[in-house]
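Coordinates in review
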Amino acid sequence: IEAELDSVKDNLNSFASEYAVQLAIQNITIRTGNFHFNYMPDILTVFDFFRQINVASISEDGKALPKLYVADDVASVAEGSSDVSEITEINGQNPYDFLKSTSWSQYIDSDGLINDMLSKGDTDNLGSFMNQRRYDGPSTDITWANGSTVSIPNGASSDYASMFAGVTDGQSFFDRFCTGSS
């Protein structure tokens, strides 16, 4: 961990932004797989990023490998509806490859990483596919097995809206929110 932190420090000029630096430091703690060793950079506490769509996996018969569906369609799939199609691509990738590539938690095995991304049914846990832990682009493109596609804008919200007065550029954002106090 110390060597990786030293590497970040020694290569500060290679990062595109303060955001990238703080993500790199947080990634060091995430890769430990230890949920008691965390670093939440102040720059990541300003915005909550989200997708306006959620996903869930379901096996057709409880034995076959699960397929990925829009979470709102799972009840129809369970009822045997032929009107519902499984997701075949997310942002141009195989859906499970996409989930693995964008999962960002301290689970060190791929099953835990994927499960963390998925909707948890009728619980309050929406999963990190919908409630993103970091910025993941302006939109999410979904392709279904029936050939239909959609591009859904990703969103952001902030509990700090009242503190944005006078924030006009990157430097003023940094001065206001990246103080190390959180």
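Up top you'll find the structure we're talking about.
1. A short note on the overall build of the protein chain
The number of helices and strands found in the protein chain is six helices and eight strands. Split into buried and exposed, the 182 residues of the protein chain put 34% on the buried side. Within the protein chain, residue pairs in contact and separated by at least 24 positions form 52% of the contacts whose partners lie at least 6 positions apart. Put simply, the protein chain shows about 10,800 Å² of open surface, and 50% of that area lies on carbon and sulfur atoms. Taken together, the 10 basic and 26 acidic charged side chains of the protein chain have centroids lying 4 Å from each other.

2. A word on the side chain of Asn154
As for its placement among the helices and strands, Asn154 is situated in the loop between strand S7 (149-153) and strand S8 (155-157). Within the structure, Asn154 has its side chain in polar contact with the backbone oxygen of Ser139 (distance 3.4 Å). Side-chain polar atoms of Asn154 contact the side chain of Thr140, separated by 2.8 Å. With sequence-adjacent residues up to four places away left out, Asn154 is seen in contact with Phe50, Arg51, Gln132, Asp136, Gly137, Pro138, Ser139 and Thr140.

3. Remarks on the environment of Ser17
In this fold, Ser17 is placed in the loop between helix H1 (2-10) and helix H2 (18-30). Considered as a pair, Ser17 and Gly170 are 153 residues apart in the sequence and their alpha carbons are 9.6 Å apart. Engagement of the side chain of Ser17 in a polar contact is seen with the backbone nitrogen of Tyr19, the distance being 3.4 Å.

4. Examining the environment of Phe164
One can find Phe164 in the loop between S8 and helix H6 (170-177). Along the primary structure Phe164 and Thr32 are separated by 132 residues, whereas in three dimensions their C-alpha atoms are 34 Å apart.

5. Things to note about the nonpolar core
In terms of nonpolar packing, the biggest core is built from 15 residues, with Val55, Leu68, Ile87, Ile90, Leu99, Phe129 and Ile142 touching the most fellow members. Listing elements by their share of this core, those giving two or more residues are strand S3 (67-70), strand S4 (87-90), helix H4 (95-102), helix H5 (110-117) and strand S6 (139-144). Counting residues in hydrophobic clusters, the runner-up holds eight residues, among them Leu23, Leu44, Phe173 and Phe177.

6. Points about H2
Compared with an ideal rise of 1.5 Å per residue, which puts 13 residues at 18 Å, H2 spans 18 Å between its outermost C-alpha atoms and is within 8% of the ideal. Of the residues making up H2, those classed as buried are Val21, Gln22, Leu23, Ala24, Gln26, Ile28, Thr29 and Ile30. Turning to H2, the residues buried within the fold contact H1. Sitting at the head of H2, Ser17 places a side-chain oxygen 3.4 Å from the backbone nitrogen of Tyr19.

7. Observations concerning unusual backbone geometry
Even without being glycine, Asn91 reaches a positive phi, approximately 50°. Along the chain, Asn91 turns up in the loop between S4 and H4. Look at Asn91 and you get partly exposed, because its relative accessible area is 27%.

8. Points about the sheet that holds S4
Spatially, three strands are ordered S4-S6-S7 in an open sheet, and the strand pairing comes out antiparallel. Every interior strand has two partners, whereas the edge strands, S4 and S7, have only one. Neighbour-to-neighbour, the strand axes of the sheet open up by a mean angle of 25°, direction not taken into account. In terms of strand pairing, S6 meets S7 through five bridges, oriented antiparallel. Bridging across to S7, Ile142 finds its partner in Val150.

9. What to know about a nonpolar patch on the surface
A contiguous nonpolar patch, built from Ile1, Leu5 and Phe37 and spanning about 250 Å² of accessible area, is present on the exposed surface. A residue is classified by how much of its surface remains accessible, and Ile1, at 49% relative accessible area, is partly exposed.

10. A word on the sheet that holds strand S5 (residues 131-132)
As a general point, the strands of a sheet are linked pairwise by backbone hydrogen bonds and lie either parallel or antiparallel. Taken together, three strands build an open sheet; the order of strands is S5-S1-S8 and the sheet is antiparallel. Each of the sheet's edge strands pairs with one partner strand only, and the pair in question is S5 and S8. Both strand S1 (residues 48-50) and S5 contribute to a ladder of two bridges, which runs antiparallel. What sits directly across from Phe49, in S5, is Gln132.

Conventions adopted
Residues numbered from 1 in each chain as written. Predicted model: local features only at pLDDT ≥ 70, side-chain atom pairs only at ≥ 80, totals over all residues. Heavy atoms only, no water. Helix = DSSP H or I, 4+ residues; strand = E, 2+ residues; numbered from the N terminus. Buried < 20%, exposed > 50% of the residue type's maximum accessible area, 1.4 Å probe, protein only. Contact = heavy atoms within 4.5 Å. Areas by Shrake-Rupley, 256 points an atom, 1.4 Å probe, with all protein chains shown as cover. Lys, Arg positive; Asp, Glu negative; His and termini not counted. Charge placed at Lys NZ, Arg CZ, Asp CG, Glu CD. Polar contact = N/O pair within 3.5 Å; in protein donor to acceptor, adjacent residues only side chain to side chain. Core = buried A, V, L, I, M, F, W, Y, C linked by side-chain atoms within 4.5 Å. Expected span 1.5 Å × (residues − 1). Pairing = 2+ DSSP bridges. Axes fitted to C-alpha atoms, helices over the stretch in contact; angles between N-to-C directions. Patch = residues over 30% accessible without salt bridge, like charges linked within 9 Å, V, L, I, M, F, W, Y side chains within 5 Å. Salt bridge = Lys/Arg side-chain N within 4 Å of Asp/Glu carboxyl O.

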